[in-house]
Amino acid sequence: MTTDIWAWVHDTHNQLAEAGHHRLANAIYEIPGHANEGRDDQLDAVFPEALASARALNLPWVEVYLRHWRMQNLLNKRNQGEQALPEAVDLLEFAHREETASCPQSVCTVQDFAICHARVDGPGYVQERLAVLGETLERIEPSRACYDCLSREYSDALEDDDRPAEALARLDAAGARMQSAGQRLSLRFHQSRAGTLHLLGRHEDVLAVIDAAEQAERARGQEIDGSDRRWGALLRARALAGLGRTDEALALLPTMAQAAEHANLRHAWAETVELLVSAGARENDTELGAALAHWVGYLDTAGSHRPCVDLLLTAGRLALRRGARTVALTLAGTGERKLAQLRRTEGVAEQIAELRAAAEALPVPELPVPPGELIELLAGREQGGASEAEADLIAAALERHRGPAADATDLVLNLAGVLGGLGHARAASELLWQRLDADPGHEHLVGMLGSALIEARDGEGVRRLADRLMATRPADAYWTRARWAAAESRWAEVGEQCALLLAREPDRINTRRLAAAAATELGDHAEAQRLYEELLVHAPPAEGAEPEEQHRTVQEPDLWRLITAATVNRDWAAVRRAGALLGIEFDEPEGPVEEEWQLIAVRATRANGSTVDLPAVRTGPATARILPVLGEELAVNHHDVVVFGPALLEPVPEEGTPERERWRPTFRYLALLDPAGYTTYWIDGGWPGDEAWRAFRDALAQAGYGVWVYSGDEYTITDPEDEDAMLPGVYAALGVPPTAQAADADALLRRLTAHWPHPLAWLELARTAGVDTAGHEEIAERYGL
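1. Looking at the overall build of the protein
Line of reasoning, step 1. A count of helical and extended segments in the protein gives 36 helices and 10 strands.
Line of reasoning, step 2. Along the longest, intermediate and shortest principal axes, the C-alpha atoms of the protein span 95 × 80 × 55 Å.
Line of reasoning, step 3. Intrachain contacts of the protein at a sequence separation of at least 6 include 60% that bridge at least 24 residues.
Line of reasoning, step 4. Each charge sign in the protein was given a centre, from 76 positive and 125 negative side chains, and these centres are 4 Å apart.

2. Let's talk about a nonpolar patch on the surface
Line of reasoning, step 1. A cluster of nonpolar side chains, namely W682, Y710 and Y731, defines an oily patch on the protein surface of about 280 Å² accessible area.
Line of reasoning, step 2. Within the fold, Y731 resides in strand β9 (residues 722-736).
Line of reasoning, step 3. With a relative accessible area of 33%, Y731 lands in the partly exposed category.

3. A closer look at the packing of helix α18 (residues 325-339) against helix α19 (residues 348-361)
Line of reasoning, step 1. Relative orientation of the contacting elements α18 and α19 amounts to 155 degrees, with a least axis distance of 9 Å. One element, α18, and the other, α19, form an angle in the roughly antiparallel class. Judged by the sense of rotation from one axis to the other, the crossing of α18 with α19 is left-handed. Residues R325, A328, L329, L331, A332, G333, G335, E336 and L339 of α18 form the contact with α19, whose own contacting residues are V348, A349, I352, L355, R356, A359 and E360.
Line of reasoning, step 2. Classifying every residue of the contact of α18 with α19 by side-chain character gives 10 nonpolar, 2 polar and 4 charged.

4. Overview of the packing of helix α29 (residues 525-538) against helix α30 (residues 556-568)
Line of reasoning, step 1. The N-to-C vectors of α29 and α30 enclose an angle of 145 degrees; their axes lie 8 Å apart at closest approach. Relative to α30, the crossing made by α29 is left-handed. On α30, the residues touching H525, A528, Q529, Y532, E533, L535 and L536 of α29 are D558, L559, R561, L562, A565, A566 and V568.
Line of reasoning, step 2. When grouped by side-chain class, the residues that make up the contact of α29 with α30 number 9 nonpolar, 2 polar and 3 charged.

5. Things to note about the sheet that holds strand β3 (residues 623-626)
Line of reasoning, step 1. As summarised here, the arrangement of the 5 strands in space is β1-β2-β3-β4-β5, forming a closed barrel in which the pairing is mixed. With strand direction ignored, the average angle separating the axes of adjacent strands in the sheet is 55 degrees.

6. Side note on the pattern of salt bridges
Line of reasoning, step 1. By the definition in use, this model includes 59 salt bridges.
Line of reasoning, step 2. One salt bridge in this structure joins R163 and D161, with 2.8 Å as the shortest N-O distance.
Line of reasoning, step 3. Note on R163: relative accessible area 26%, which makes it partly exposed.
Line of reasoning, step 4. Among the residues examined, D161 registers a relative accessible area of 16% and is labelled buried.
Line of reasoning, step 5. Its salt-bridge partner being D674, residue R570 comes within 2.9 Å of it at the nearest N-O pair. In this pair, R570 sits in the loop between α30 and α31 (572-581) while D674 sits in strand β5 (residues 666-674), placing the two residues 104 residues apart along the sequence.
Line of reasoning, step 6. Take D674: its relative accessible area is 30%, and that puts it in the partly exposed class.
Line of reasoning, step 7. Counted as one network, the salt bridges with shared partners bring together R55, E63, R67, E87 and D90.

7. Digging into the nonpolar core
Line of reasoning, step 1. With 82 residues, the main nonpolar core has W269, L292, W295 and L432 as its most contacted residues.
Line of reasoning, step 2. Residues L502, I563, A566 and A671 belong to the second largest nonpolar core, which totals 37 residues.

8. A word on the side chain of H401
Line of reasoning, step 1. As for its placement among the helices and strands, H401 is situated in the loop between α21 (388-400) and α22 (405-421).
Line of reasoning, step 2. If near-sequence neighbours (up to four positions away) are discounted, H401 is found in contact with P371, D407, A408 and L411.

9. With respect to the pairing of strand β4 (residues 641-644)
Line of reasoning, step 1. On β4, burial covers both faces: V641 and V643 on one face and V642 and F644 on the other are all buried.
Line of reasoning, step 2. With 3 bridges connecting them, β3 and β4 associate as antiparallel partners. Counted as the bridge partner of R625 is V641 from β4.
Line of reasoning, step 3. Examined bridge by bridge, β4 and β5 share 4 bridges and lie antiparallel to one another. If you follow V643 over to β5, its bridge partner there is A671.

10. Quick notes on helix α8 (residues 145-160)
Line of reasoning, step 1. If you check α8, its first and last C-alpha atoms are 24 Å apart, about what 16 residues at 1.5 Å a residue would give, namely 22 Å.
Line of reasoning, step 2. Of all 16 residues that make up α8, 12 are buried, and the element is covered over most of its length.
Line of reasoning, step 3. Here the buried face of α8 lies against α6 (108-121), α7 (126-139), α9 (164-180) and α10 (187-199).
Line of reasoning, step 4. Of the residues one or two after α8, D162 is the one with positive phi, at around 60 degrees.

11. A look at the environment of E217
Line of reasoning, step 1. The residue E217 is located in helix α11 (residues 203-219) in this model.
Line of reasoning, step 2. Among the residues examined, E217 registers a relative accessible area of 12% and is labelled buried.
Line of reasoning, step 3. Residues E217 and I5 lie 212 residues apart in sequence; the distance between their C-alpha atoms is 20 Å.
Line of reasoning, step 4. Leaving out residues up to four positions away in the same chain, E217 has contacts with R184, L187, Q222 and I224.
Line of reasoning, step 5. At 2.8 Å, the side chain of E217 forms a polar contact with the side chain of R184.

12. Some points on unusual backbone geometry
Line of reasoning, step 1. A positive phi is found at D162, a non-glycine position, where the angle reads about 60 degrees.
Line of reasoning, step 2. By secondary structure assignment, the location of D162 is in the loop between α8 and α9.
Line of reasoning, step 3. D162 sits in the exposed class, given a relative accessible area of 64%.
Line of reasoning, step 4. Even without being a glycine, R457 presents a positive backbone phi close to 55 degrees.

13. A closer look at the side chain of N79
Line of reasoning, step 1. Residue placement: N79 occurs in the loop between α4 (60-77) and α5 (85-95).
Line of reasoning, step 2. Judged by relative accessible area, N79 falls into the buried class, the value being 13%.
Line of reasoning, step 3. Beyond its immediate chain neighbours, meaning those up to four positions away, N79 contacts L74, R119, A263, N264, Y298, L299, A302 and S304.

14. Let's talk about a negative patch on the surface
Line of reasoning, step 1. A cluster of acidic residues, D690, E691, D713 and E714, forms a negative patch on the protein surface.
Line of reasoning, step 2. With respect to the secondary-structure elements, E691 resides in helix α33 (residues 690-702).

Here is what the cut-offs are and how they apply
- Residues numbered from 1 in each chain as written.
- Predicted model: local features only at pLDDT ≥ 70, side-chain atom pairs only at ≥ 80, totals over all residues.
- Heavy atoms only, no water.
- Helix = DSSP H or I, 4+ residues; strand = E, 2+ residues; numbered from the N terminus.
- Contact = heavy atoms within 4.5 Å.
- Lys, Arg positive; Asp, Glu negative; His and termini not counted.
- Charge placed at Lys NZ, Arg CZ, Asp CG, Glu CD.
- Patch = residues over 30% accessible without salt bridge, like charges linked within 9 Å, V, L, I, M, F, W, Y side chains within 5 Å.
- Areas by Shrake-Rupley, 256 points an atom, 1.4 Å probe, with all protein chains shown as cover.
- Salt bridge = Lys/Arg side-chain N within 4 Å of Asp/Glu carboxyl O.
- Buried < 20%, exposed > 50% of the residue type's maximum accessible area, 1.4 Å probe, protein only.
- Axes fitted to C-alpha atoms, helices over the stretch in contact; angles between N-to-C directions.
- Parallel < 35°, antiparallel > 145°, perpendicular 65-115°, else oblique.
- Left-handed = near helix turned anticlockwise from the far one by under 90°.
- Nonpolar A, V, L, I, M, F, W, Y, C, P; charged D, E, K, R; others polar.
- Pairing = 2+ DSSP bridges.
- Core = buried A, V, L, I, M, F, W, Y, C linked by side-chain atoms within 4.5 Å.
- Expected span 1.5 Å × (residues − 1).
- Polar contact = N/O pair within 3.5 Å; in protein donor to acceptor, adjacent residues only side chain to side chain.

Given below as structure tokens:
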């Protein structure tokens, strides 16, 4: 067996496809892309089924491969640390068993093990990382791709030990060995070298290395993927900021939204922004502080202890520049808590102590009113979101408060709310926990604490709160558990907890909403309809209700969700009753709703986890008929009638803009209502011209068939008369209705295309029809299809 991992992947893919295991075969090709590009939702959708299939087929090498690529995503794209550590350790052991040790991917689990320990505490685990990486590098050939990866990890470990010059020398030596062995250095290798040069202050060299590496990739005909483009731009921006070329750095710097979306960018992005702020080239505002605080909280929850501390120190320095005393003290407190989770604290402990001292030295604001009157004063001001200055005022009032306990609780609730809005959910929950002991009966304290714990992803805190409440306030305990289960998409548990709560307090409105949402997620649309109909009984109409009571009234989304559930259940009378409350006028007074409303898009999920927006005709308040002919990767096909969720997935563009002209309402696919029964086959060949294609399409439609073109103007095929010339081509899906056989479709296509100058091929349809496939195979070969 070859040690070339990608040759093994290619061979394994072909073997699985030939054996009929197409979904696993496709997953083997797709999962590395999902992992590297940070397509987390798609990876999470594909991985469990692929792993289960590999285990069911007793393919341990494939299991190693799949688990390694998921681990790469968890570590490099999601920045998980201690959260991923059990899997990293287990995978390393599994990959070195007798049945897996020879797998080409097994050695890569050493990299996973090293990265995971770096996320937990890179400096603290330097010796262990160097030992395991060094031993592995000694026993593998420099010609293997994993030599590149492991050499980069070895260099990273030296950097974490404050030895960047040695790290660069090690990288250069490894690069020379790989090139001598005939291996090309990867773009990631050059990016790693650029990172080391940055630590040495060699910013011009960083720019030169990235430029040369990307040019070499393009010269080889390799497209630079989105992940590498983002990382290359960030490396350049950081180098340019270090050189004082701030305008150029700002032009290249990924946006804050991109850094929020791609966790692997955040540390270098924050470092670059701090350089720009120091140079006066970028604003240091509350929005920046809140974003950094959210990212610190993410790393805290993920168990990436060292990156968390590094980032909070950057956030702390920027908070000091803004004069945000309470925020800086909060970050110092988080840092002090994190120190207990690091093995090696020298240097960083001193920096956290300096942060606290500097924060405490910031001036405490003067209160404009006595502490007990501050909340009322702030409530009367116009607010544009959480304010760091407001946090400082409330913290000062709380420190000086000597009045009634209820006033102190109100101050704590408001301070926790502001801190939560600024991204410090964990600190907010800690503040509320402390107050709960002093004022356990406060009306809003428990609900806000539950919200803060859920926002902080503190599952242990949620369980502790619910257990505490069970003895005296069981309804609040059930509600806390239900909300936490919903945050983790544990929908069956959501339903159970809501049912327990409703049994005690049947008039609860939001509980029914959450229970109905859970039932919808579980596909129990009858239960969802029952709950929404009960909500109409228990909740008063919204008209005339006070603003603070609006959430307890029937809302428009409640009626739309009732319509959706009733549509899946084919309860057309309920659809019409709810529609009447919304002011919908139907063409017919009774029976199924089958009308022609407007063109929309229905967002469906493919088997590989990716989504696609399907053009459709809306036929009712919650139904649509799908227009395209689709492949087997989707659960719907041509002319199927589907039910969609009521919420718009894309905002309506501004009136009068080109975007508004192109815009179509987009909704989430929910269920298949009436399958039309079409079977899809693919046709490929020469484009006959617009007029001939229109006639072809119309004739198919008249016979009850569907056709949908997937190729664009750029699609060309080989001209068999001149191999150097290309012809316009067409690649399309043919939808065969349930009333026709494959042989009927084959005969119809032959008749309709007989006069075309260049033929079409429909190999799979011909096989299914049982006709001779030699002609189709010849067409495919002659035209290079």
